[in-house]
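Single-letter residue listing:
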Amino acid sequence: MNSVKLSGAKGLISSKDAIFTQQSINRRSSVPTQFIRSSRKFKSVSLRSAKVKALASAQKPDGSTPPLVVVGSANADIYVEIDRLPKEGETISAKTGQTLAGGKGANQAACGGKLAYPTYFLGQVGDDAHGKLVTEALEIGGVRLDYVNVVGGVPTGHAVVMLQADGQNSIVIVGGSNMSGWPEPLGEEFLGVVRGGGIVLLQREIPDGVNIHVAKAARSAGVPVILDAGGMDAPIPPELLKFVDILSPNETELARLTGMPTESFEQISQAVDKCYEMGVKQVLVKLGSKGSALFVKGEETIQQPIIPAKTVVDTTGAGDTFTAAFAVASVEGKSRKECLRFAAAAASLCVQVKGAIPSMPDRKSVLNLLESH
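If you're wondering where the values come from, they're calculated on a predicted model, not measured in any experiment.

(A) The arrangement of the overall build of the protein in detail. The helix and strand tally for the protein stands at 12 helices and 15 strands. The proportion of buried residues among the 373 residues of the protein is 55%.

(B) Here's a closer look at the environment of Q352. Counting through the fold element by element, Q352 comes out in the loop between α11 (336-350) and α12 (363-371). For Q352, a relative accessible area of 26% corresponds to the partly exposed category. When the C-alpha atoms of Q352 and A309 are compared, they prove to be 6.8 Å apart, with 43 residues separating the residues in sequence. Apart from residues lying up to four places away in sequence, Q352 is in contact with A309, K310, T311 and V313. At a separation of 3.0 Å, a polar atom in the side chain of Q352 contacts the main-chain carbonyl oxygen of S348.

(C) The confidence of the model for the protein, seen in detail. Within the protein, residue pLDDT values average 85, and 83% of them lie at 70 or more. Every residue in residues 1-16 scores below 50 in pLDDT, and together they form 54 contacts with partners more than four places removed in sequence or on other chains.

(D) Seen up close, the sheet that holds strand β15 (residues 302-304). Spatially, eight strands are ordered β5-β2-β10-β11-β12-β13-β14-β15 in an open sheet, and the strand pairing comes out mixed. Strand pairing shows two members of the sheet lacking a second neighbour, β5 (119-122) and β15, which therefore form its edges. On average, adjacent strands in this sheet sit at an angle of 15 degrees to one another, irrespective of strand direction. Across three bridges, strand β14 (residues 292-296) lies against β15 in antiparallel orientation. Across the sheet, residue A293 finds its bridge partner in β15, namely Q303. Sheet strands in contact with helix α8 (residues 251-258) are β11 (225-231), β12 (246-248) and β13 (282-286), and its direction is about 90 degrees off that of β11.

(E) Main features of the packing of helix α10 (residues 318-331) against α11. Interhelical geometry of α10 versus α11 gives an angle of 145 degrees and a closest axis separation of 8 Å. Crossing handedness for the pair α10 and α11: right-handed. Each of A318, T321, F322, A325, F326, A329 and S330 in α10 lies in contact with α11, whose residues at this interface are C339, L340, F342, A343, A344, A346, A347 and C350. Residues belonging to the contact of α10 with α11 are distributed by class as follows: 13 nonpolar, two polar and no charged.

Rules behind the numbers
Residues numbered from 1 in each chain as written. Predicted model: local features only at pLDDT ≥ 70, side-chain atom pairs only at ≥ 80, totals over all residues. Heavy atoms only, no water. Helix = DSSP H or I, 4+ residues; strand = E, 2+ residues; numbered from the N terminus. Buried < 20%, exposed > 50% of the residue type's maximum accessible area, 1.4 Å probe, protein only. Contact = heavy atoms within 4.5 Å. Polar contact = N/O pair within 3.5 Å; in protein donor to acceptor, adjacent residues only side chain to side chain. pLDDT = per-residue confidence, 0-100. Pairing = 2+ DSSP bridges. Axes fitted to C-alpha atoms, helices over the stretch in contact; angles between N-to-C directions. Left-handed = near helix turned anticlockwise from the far one by under 90°. Nonpolar A, V, L, I, M, F, W, Y, C, P; charged D, E, K, R; others polar.

In structure tokens:
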């Protein structure tokens with residue numbers, strides 16, 4: 001995937017190689033009760049039916065399960081289906097156009113919700129139709145939105161997704177409310193949800209300063225942090241990497257971050273060594289059609305092949321699905337190999353449906369696929 005940026009836990013752990021330890025889980029048992037409430041901080045969204053209300057209620061943290069906390073971007077993805085990318089100076093016609101909910105943060109939160117794990121999304125939208133589109137999609141997926149802010153005078157982030165016939169895509173992102181209007185400093189209630197989480201997911205489609213503040217808060221409470229390297233093409237601040245437990249790039253992002261080639265597995269391993277020098281001890285690399293690999297400093301690398309999809313319709317959101325599914329499996333105490341397999345199955349199902357959030361699979365579908373492989 002090509003992306004251009006425009007400015008503008010966890011359950012019982014029985015396996016010795018589980019991602020995070022039971023000791024870290026015991027530091028906190030749940031989100032503080034003052035954060036489990038029915039009131040909303042955003043003014044533009046309401047539950048539209050009894051069915052949606054029941055679903056949202058079923059996904060609330062119950063006081064014993066530390067939730068997945070996703071802090072990140074929310075976008076309206078404007079899809080155009082094309083046979084090929086236009087050449088410089090060329091105008092081409094799209095077959096169809098459609099606007100769907102997306103954004104790396106919202107995608108990952110939606111995945112957690114659809115996998116039936118208690119999930120909070122902390123982010124920002126504009127006071128516009130695109131903001132409603134995203135928040136309603138997340139609510140339907142069972143994601144808690146108590147700490148989503150509506151930013152006046154700034155549009156909701158959006159992206160133009162140019163989807164080609166083979167399912168590959170190129171994307172242009174407009175930051176909008178993802179990059180503007182964040183409180184300084186972040187509120188204690190907001191950070192309280194982070195400290196009470198089972199695991200925190202971050203990406204690079206919001207300001208680095210927000211990510212640093214969140215990662216520090218998580219580390220102070222012993223909450224593991226996974227940073228998806230997707231988003232900004234600028235270097236990751238060393239101050240952020242200090243508080244990251246797992247860095248998760250794809251091959252292209254790994255090459256950009258390290259300045260090293262990543263065409264072969266040997267080259268990828270050498271680039272990961274550079275990540276170790278930056279202070280990260282675990283690197284989860286998404287390798288597209290070649291699967292994935294989890295590198296842990298001082299330990300043997302674990303590789304996971306893809307679980308083939310029947311038909312590849314749209315790869316948008318596949319990486320977000322993989323990362324979020326891996327996080328859910330980790331916080332549930334699965335072994336590293338089990339986490340990779342669970343994530344691979346979720347990503348395989350994702351690419352068979354158009355759209356990012358609409359393509360996120362439910363837990364039953366993932367488990368059924370794993371049983372057949």
